[in-house]
Amino acid sequence: MKVAAIGDIVEANKRLQQEGVSCKVHLRDACGRQTMWLELTGPEGDQPSLTDAHTAIEGIFQELGLPVEFDPVEGVNFWVRQ
């Protein structure tokens, strides 16, 4: 099973900040599946759209060798594609 290490989360958050994408990735480890969740940050009205955040996160994690997929209902939870 592929999982994201804490260093991957730190790297992703660093890259999001460098790219000017106002969001943070948080790690949640639960029975059955490791999940991450997305927090849109920044001042109200200056936050990225969920689509823009998804695009940035997908690119970063792809470069880390960890393709991700997002929860289709809320779109803030995601995990490494198996």
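The rules behind the values
- Note that residues are indexed from 1 along each chain, following the sequence as it is written.
- Local features are withheld for residues below a pLDDT of 70 in this predicted model, meaning they are given only at 70 or higher, and side-chain atom pairs are given and counted only at 80 or more; totals for whole chains, interfaces and linings count all residues.
- Water and hydrogen atoms were dropped before computing side-chain values, which therefore reflect all heavy atoms in the structure.
- Here, nonpolar core refers to any group of buried Ala, Val, Leu, Ile, Met, Phe, Trp, Tyr and Cys residues whose side-chain atoms link them within 4.5 Å.
- Partly exposed describes any residue whose relative accessible area lies between the buried limit of under 20% and the exposed limit of over 50%, with all areas from a 1.4 Å probe on protein chains only and scaled to the type maximum.
- Runs of E in the DSSP output that reach at least two residues are strands. Runs of H or I that reach at least four are helices, and both are numbered from the N terminus.
- In what follows, residue pairs with any heavy atoms lying within 4.5 Å of each other are defined as contacts.
- Patches here: salt-bridge-free residues with over 30% relative accessible area, like charges joined within 9 Å, nonpolar side chains (Val, Leu, Ile, Met, Phe, Trp, Tyr) joined within 5 Å.
- Here the accessible surface of atoms and residues is derived via Shrake-Rupley with a 1.4 Å probe, and residues count as covered only by protein chains that are part of the display.
- Should a side-chain nitrogen of Lys or Arg be within 4 Å of a carboxyl oxygen of Asp or Glu, the pair is scored as a salt bridge.

Student: I'd like to hear about the nonpolar core, residue by residue, with values.
Tutor: One finds Leu 16, Val 25, Met 36, Ile 57, Phe 61 and Phe 78 to be the most contacted residues of the largest nonpolar core, which totals 19 residues. Counting residues per element, the ones that place at least two in this core are helix 1 (6-18), strand 1 (23-30), strand 2 (33-40), helix 2 (50-63), strand 3 (68-70) and strand 4 (77-80). With near-sequence residues (within four places) excluded, Leu 16 lies in contact with Val 21, Cys 23, Val 25, Ala 56, Ile 57 and Ile 60.

Student: Tell me about a nonpolar patch on the surface, and name the residues and values.
Tutor: Together, Ile 6, Val 10 and Leu 27 line one region of the surface with nonpolar side chains, adding up to about 280 Å² of accessible area. Positionally, Leu 27 belongs in strand 1.

Student: Would you mind going over the side chain of Thr 35 in detail, with residue names and values included?
Tutor: Inspection of the secondary structure assignment puts Thr 35 in strand 2. With sequence-adjacent residues up to four places away left out, Thr 35 is seen in contact with His 26, Leu 27, Arg 28, Phe 78 and Trp 79.

Student: Give a description of the environment of Val 80 that names residues and reports values.
Tutor: Tracing the sequence through the fold places Val 80 in strand 4. Val 80 sits 12 residues away from Val 68 along the chain, and the two C-alpha atoms are 4.4 Å apart. Val 80 has contacts with Lys 2, Val 3, Ala 4, Met 36, Leu 66, Pro 67 and Val 68, leaving out every residue within four places of it along the chain.

Student: Tell me about the pattern of salt bridges, and please be specific about residues and values.
Tutor: According to the stated counting rule, one finds one salt bridge in the structure shown. With its nearest N and O atoms 2.5 Å apart, the salt bridge here joins Arg 15 to Glu 63. Taken together, the positions of Arg 15 in helix 1 and Glu 63 in helix 2 put the pair 48 residues apart, joining distant regions of the chain. Residue classification places Arg 15 among the buried residues on the basis of a relative accessible area of 16%. A residue is classified by how much of its surface remains accessible, and Glu 63, at 60% relative accessible area, is exposed.

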